[in-house]
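# Per-entry structural report
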Amino acid sequence: MEIHDISKLELAIYFGLSIIINSFGNALTVALNLGSPLWTATCVNVSQTIHWSLGNIMGDLGCIIDHH
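Described in the following lines is the structure provided in the data block. Fair warning: this is a prediction, and the values are worked out from it, not measured in the lab. (Residues numbered from 1 in each chain as written. Predicted model: local features only at pLDDT ≥ 70, side-chain atom pairs only at ≥ 80, totals over all residues. Heavy atoms only, no water.)

Before going further, it helps to spend a moment on unusual backbone geometry. Located in the positive-phi region is H51, a residue other than glycine, with phi close to 60°. Tracing the backbone through its elements, the reader meets H51 in the loop between α2 (38–50) and α3 (54–66). With relative accessibility at 69%, the residue H51 sits in the exposed group. (Helix = DSSP H or I, 4+ residues; strand = E, 2+ residues; numbered from the N terminus. Buried < 20%, exposed > 50% of the residue type's maximum accessible area, 1.4 Å probe, protein only.)

Spelled out as structure tokens, the structure:
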């Protein structure tokens, strides 16, 4: 069995592809309410309560929590 060295370009492509696949899976989990981590579930609930977009809530809460 021959071992193939991965070039930096291939590594970057695989890394980018893995981030896209991971983010797509996370988005589906949130959108379909299939069970989310505490942070994401909190953002979804707050978003539905005050009728703001989920992206704005996640960004705002991230900034608030990061500064404390």
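This paragraph deals with α2. Taking 1.5 Å per residue as the helical rise, α2 with its 13 residues ought to reach 18 Å, and the 18 Å between its terminal C-alpha atoms agrees with that figure. Burial in α2 covers these residues: T40, C43, V44 and S47. Along α2, the residues classed as buried sweep out an arc of 100° about the axis, all on the same side. Projecting away from the buried face of α2 at angles above 90 degrees are the exposed residues L38 and T49. Downstream of α2 by one or two residues, H51 has phi in the positive range, about 60°. (Expected span 1.5 Å × (residues − 1). Arc of directions from axis to C-beta.)

On the surface, a nonpolar cluster with roughly 550 Å² of combined accessible area is contributed by I6, L9, L11, I13 and Y14. Structurally, Y14 can be placed in helix α1 (residues 8–31). (Patch = residues over 30% accessible without salt bridge, like charges linked within 9 Å, V, L, I, M, F, W, Y side chains within 5 Å. Areas by Shrake-Rupley, 256 points an atom, 1.4 Å probe, with all protein chains shown as cover. Salt bridge = Lys/Arg side-chain N within 4 Å of Asp/Glu carboxyl O.)

To continue, consider the environment of L17. Relative to the helices and strands, L17 resides in helix α1. You can call L17 partly exposed: its relative accessible area is 45%. In this structure the C-alpha to C-alpha distance between L17 and L54, which are 37 residues apart in sequence, comes to 24 Å.

Topologically, S47 is positioned in helix α2. Looking at S47, the relative accessible area reads 11%, which means it is buried. Polar contacts involving the side chain of S47 include one to the main-chain carbonyl oxygen of W52, which spans 2.6 Å. (Polar contact = N/O pair within 3.5 Å; in protein donor to acceptor, adjacent residues only side chain to side chain.)

A few words now on the packing of α2 against α3. For the pair α2 and α3, interaxial distance at closest approach is 9 Å and the crossing angle is 120°. The orientation of α2 with respect to α3, classified from their angle, is oblique. The way α2 lies across α3 gives a crossing that is right-handed. Residue-level inspection shows W39, T40, C43, V44, V46, S47 and I50 of α2 in contact with α3, the latter providing L54, I57, M58, L61, G62 and I65. Classifying every residue of the contact of α2 with α3 by side-chain character gives 10 nonpolar, 3 polar and no charged. (Axes fitted to C-alpha atoms, helices over the stretch in contact; angles between N-to-C directions. Parallel < 35°, antiparallel > 145°, perpendicular 65-115°, else oblique. Left-handed = near helix turned anticlockwise from the far one by under 90°. Contact = heavy atoms within 4.5 Å. Nonpolar A, V, L, I, M, F, W, Y, C, P; charged D, E, K, R; others polar.)

These figures capture arrangement, not role.
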